[in-house]
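Working through the structure, step by step
These are the residues of each chain, in order.
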Amino acid sequence: DANGRVTSGRIRPMLSWIVALLAGAVAAALLYGRSPRAAHVLPAMLRFVAVATLVALLLNAPLPAGAPRPPLVALDVSASWLRASDSSALHAALDTALRLGGPDYLFGDTLRAGRRLPPALDDASALASVGDLAAAAGRAVVVITDGELDDGASLGILPSGSRVVQLARRERPDLAVIDVTSPAAVMVNDSFTVRATLRAGAAGSGAGVLTVHIGPRQMRTATLGALAPYGESEVTFTAHPEATEGPTVLRIIATTAGDGEPRNDSVAVPLRLTRAPGAVLVSSAPDLDARTAVAALRGVSALPTRAYFRFGPGRWRAEGTLAPVSESEVVRAVREAPLAVLHGDTALFGSPRNITTHALLLMPAVSTEGDWYTLAPGASPLAASLGGFPIDSLPPISVAPAMPTGDWTALEAHAAGDPRTRAPVLVGWDAPRHIAVLGASGLWRWRARGGVRADAYAALFGALFDWLARVSGDRRGAVPPSGVVRAGERIRWLRGGADSVVTVGLRRDGDAVERRLILTFPGGAGSATSPRLPPGIYRVRQGGGTSMLIVNVSRELLPRRAPALAAPAGAGAIVVSGRGARDAGWIYLLVIVALCAEWLARRRLGQR
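Everything in this summary refers to the structure shown in the same document. Computed from a predicted structure; not experimentally measured. (Residues numbered from 1 in each chain as written. Predicted model: local features only at pLDDT ≥ 70, side-chain atom pairs only at ≥ 80, totals over all residues. Heavy atoms only, no water.)

Our focus in this paragraph is the pairing of strand E15 (residues 305-312). Of the strand pairs in this sheet, strand E14 (residues 279-283) and E15 are connected by five bridges, and their pairing is parallel. Paired with Ala 279 across the strands is Thr 305, a residue of E15. Note that E15 and strand E16 (residues 315-318) share four bridges and pair antiparallel. Note on E16: the bridge partner recorded for Arg 310 is Trp 316. Between the end of E15 and the start of E16, which pair antiparallel, lie two residues, with Gly 314 showing a positive phi angle near 75°. (Pairing = 2+ DSSP bridges. Helix = DSSP H or I, 4+ residues; strand = E, 2+ residues; numbered from the N terminus.)

So, in structure tokens, the structure goes:
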């Protein structure tokens, strides 16, 4: 090392050769050393060589390192090369790979060998598999890419000596619709909010117009200003659907002058229109818990939701518009709703079990304040969804002083400073209908603080509303995603019923053949994933009903800032080009030749 000390790293490889030479010498001495004669020199040397070489094979003794092997050449074949229909950068990348003796491998959404470009470029650009392959082969790698990698951090695991060749594209003005947020289901003639996120490309974008379409009808427009390179803008609409009930398409389209990539100008998501609410939330004491529960109900379920807040005796307002509503209308909505949520005074209209007919969630008012900390969930229908979150380290809540005893308890809490004082927080009953009681306030703090706390809030209410909605009229075994889905991404399905294996049929508009898909929800899991799909509108058919799945163009067509990738990039294990004795075929031949030559020499001496 730097201090002149001898380390064991060089001694250990030499030790195997020392052992092999000693074994050869001992074997020769035992056989020919008892009565040494000049005629025994040749067979003794042959025995020494044979035994020493054989022991070296058994120990796989290292051989001197030969010339380093040339690096592998990996070419990025993701669709981002052809954004704005400019293929010059892709041809330059292929020419670079050919000059380097490759490409040995093509990578995108998969890794495969080949020297020719595929007929269609990939919908992803994953580099991790290249690093694994290079490490297994013990060789450096030259990565040729445009820099827009899905997992750029994988550059750090490439073997030492690797480098990156990053080629730039010719950029043109471009504006893309990145994301759309909207409810999964709304009521006909009800207004709802749509939020669209836009991003400009490396050359910025000009002014234009953004339009909202529901089915074939154009609903709203908004004027867009010019954006700087990679600038983002968020536009919020209030839409008012007037179409007939049933599944339809909500499409956002951005139109700008001189746009260089038209394929990323629109995003579509499925929207289900209905004339009856799927869920009704009524709060006699509206607070932050009630408001966040409404947002959660709309965000995690596919049920069209209405909410009513009470601001005084007989004074009810519809959430959102704050339009006055009569108390009789509120009572009728609660009685008819497939899923009713009562917050505050849950007995305001009488016994909750008597005034409702379907799934019911009670959120009674919590009058006492105190710091209580939730505990890890027990056995319940919600346990699978909550098990992955640090439930016992979330912000404190207040709990109801008295709670009924249900068929199961999904959450408990203990008082601050006294872990022995426990109280149930969420209990439920499975029969004769799904009913749950959530006796806590302050849960809104989980959502407000973001991060894993917000994820735990979404998991709790998502699992709760999903369990309640299973008997609310939606009989589908698997529910397709309602947000933006893109080509190149696996499809995440939510579990709808009790079956762990669900078969669905998918048919893309314009296709004559329906593809069959089997979804598996192992161990009570709340979701399952299926392979990637090409862009298009898919009709989903299953035993519990029909729905719609929309796959948009891949993220490779969306503008994103490509970082300047460092070269050399490899920081992984050092490439070792040395080989062991077992890797050399000539050593096996040497053992055989030495043994045969010794046998011939012994025969000439009259020995066996």
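Attention now goes to the pattern of salt bridges. Scanning the model with the defined rule gives 18 salt bridges in all. A salt bridge links Asp 150 to Arg 560, with the shortest nitrogen-to-oxygen separation between them at 3.2 Å. With Asp 150 in the loop between strand E4 (141-145) and strand E5 (163-166) and Arg 560 in the loop between strand E33 (545-552) and helix H11 (585-604), this residue pair connects regions lying 410 residues apart in the sequence. Overall, Asp 150 belongs to the partly exposed group, its relative accessible area being 43%. Taking relative accessible area as the criterion, Arg 560 reaches 21% and is therefore assigned partly exposed. (Salt bridge = Lys/Arg side-chain N within 4 Å of Asp/Glu carboxyl O. Buried < 20%, exposed > 50% of the residue type's maximum accessible area, 1.4 Å probe, protein only.)

The subject of this paragraph is the sheet that holds strand E23 (residues 418-429). Pairing within the open sheet is mixed, and its ten strands lie in the order E17-E16-E15-E14-E18-E19-E24-E23-E22-E20. Only two strands of the sheet have a single neighbouring strand rather than two, namely strand E17 (324-325) and strand E20 (372-374). Pairing between strand E19 (residues 359-364) and strand E24 (residues 435-438): three bridges, direction parallel. Within the sheet, the bridge partner assigned to Leu 360 lies in E24 and is Ile 435.

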